[in-house]
Amino acid sequence: MNATVLRIVPARSDWQPTEEAADAAAEALRAMCPSADEFAIVRYAETTLIDESGSARFELWVRNPARPRLSPAELARLATLLGADLRQLLVPR
């Protein structure tokens, strides 16, 4: 079964949000992708390679988001909730 994963990562690879900020951003992301199969908040103990597209210590992860990408306004909303500049990666699996 083919899957697509939308990964939202901070622009600064060593950054992590507070637990409260991560939970708020995850809730907002669920509302942006209501048909997605799975959501996850992932924290890494150290900076970790993210699908050869960069590295991070934190990511929001959505499997089969049922949309191509977040709009600039949606990504800006998540950035505000998390308190950091973000990048989005859409990765086929």
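See the structure above.
Rules used in this analysis
- Residues numbered from 1 in each chain as written.
- Predicted model: local features only at pLDDT ≥ 70, side-chain atom pairs only at ≥ 80, totals over all residues.
- Heavy atoms only, no water.
- Pairing = 2+ DSSP bridges.
- Helix = DSSP H or I, 4+ residues; strand = E, 2+ residues; numbered from the N terminus.
- Axes fitted to C-alpha atoms, helices over the stretch in contact; angles between N-to-C directions.
- Contact = heavy atoms within 4.5 Å.
- Core = buried A, V, L, I, M, F, W, Y, C linked by side-chain atoms within 4.5 Å.
- Buried < 20%, exposed > 50% of the residue type's maximum accessible area, 1.4 Å probe, protein only.
- Parallel < 35°, antiparallel > 145°, perpendicular 65-115°, else oblique.
- Left-handed = near helix turned anticlockwise from the far one by under 90°.
- Nonpolar A, V, L, I, M, F, W, Y, C, P; charged D, E, K, R; others polar.
- Salt bridge = Lys/Arg side-chain N within 4 Å of Asp/Glu carboxyl O.

**Student:** Describe in detail the sheet that holds strand β3 (residues 55-63), supporting the description with residues and values.
**Tutor:** Within the open sheet, the 4 strands sit side by side as β2-β3-β1-β4. Their pairing is antiparallel. If you trace the sheet from one side to the other, it starts and ends with β2 (38-49) and β4 (86-92), each paired once. Neighbour to neighbour, the strand axes of the sheet diverge by 25° on average, direction disregarded. Bridge count between strand β1 (residues 4-10) and β4: 7 bridges; the pairing is antiparallel. Residue pairing for β4: Val 9 is matched across the bridge by Arg 87. Sheet contacts for helix α1 (residues 19-32): β1, β2 and β3; angle to β2, the most-contacted strand, approximately 140°. Its contacts with the sheet put helix α2 (residues 72-82) on β1, β3 and β4, and the angle it makes with β4 is roughly 125°.

**Student:** Residue-level account of the nonpolar core, with values.
**Tutor:** Generally speaking, a soluble globular protein has its nonpolar side chains buried in company with each other. Among the nonpolar cores identified, the biggest contains 22 residues, and Ile 8, Leu 29, Cys 33, Leu 60, Leu 70, Leu 78 and Leu 82 are the most heavily contacted of them. For this core, the secondary-structure elements that each account for two or more residues are β1, α1, β3 and α2. When residues of this core are assigned to their parent elements, the largest contribution, 7 residues, is made by α1. Among the nonpolar cores identified, the runner-up in size contains 5 residues, and Val 9, Ile 50, Leu 89 and Val 91 belong to it.

**Student:** So, the packing of α1 against α2: which residues are in play, and what are the values?
**Tutor:** Taken N-terminus to C-terminus, the directions of α1 and α2 make an angle of 160°; their axes are 8 Å apart at the nearest point. With respect to α2, the axis of α1 lies roughly antiparallel. Of the two possible hands of crossing, α1 and α2 adopt the one that is right-handed. The segment α1 lies against α2, with Ala 21, Ala 22, Ala 24, Ala 25, Ala 28, Leu 29 and Met 32 engaging Glu 74, Arg 77, Leu 78, Leu 81 and Leu 82. Residues that form the contact of α1 with α2 fall into these classes: 10 nonpolar, no polar and 2 charged.

**Student:** Explain the pattern of salt bridges to me, and be specific about the residues and the numbers.
**Tutor:** Tallied over the full model, the rule gives 5 salt bridges. Salt-bridge contacts for Glu 59 lead to Arg 7; the nearest nitrogen and oxygen are separated by 2.6 Å. Here Glu 59, found in strand β3, pairs with Arg 7, found in strand β1; they are 52 residues apart in sequence, far enough to count as distant. Under the relative-accessibility criterion, Glu 59 is labelled buried at 0%. Ionic pairing is found between Asp 37 and Arg 63, a salt bridge with its closest N-O pair at 3.7 Å. Highlighted residues: Asp 37 in the loop between α1 and β2 and Arg 63 in strand β3, separated in sequence by 26 residues. The class for Asp 37 is partly exposed, based on a relative accessible area of 43%. Among the charged side chains, a salt-bridge network with shared partners connects Asp 37, Glu 38 and Arg 63.

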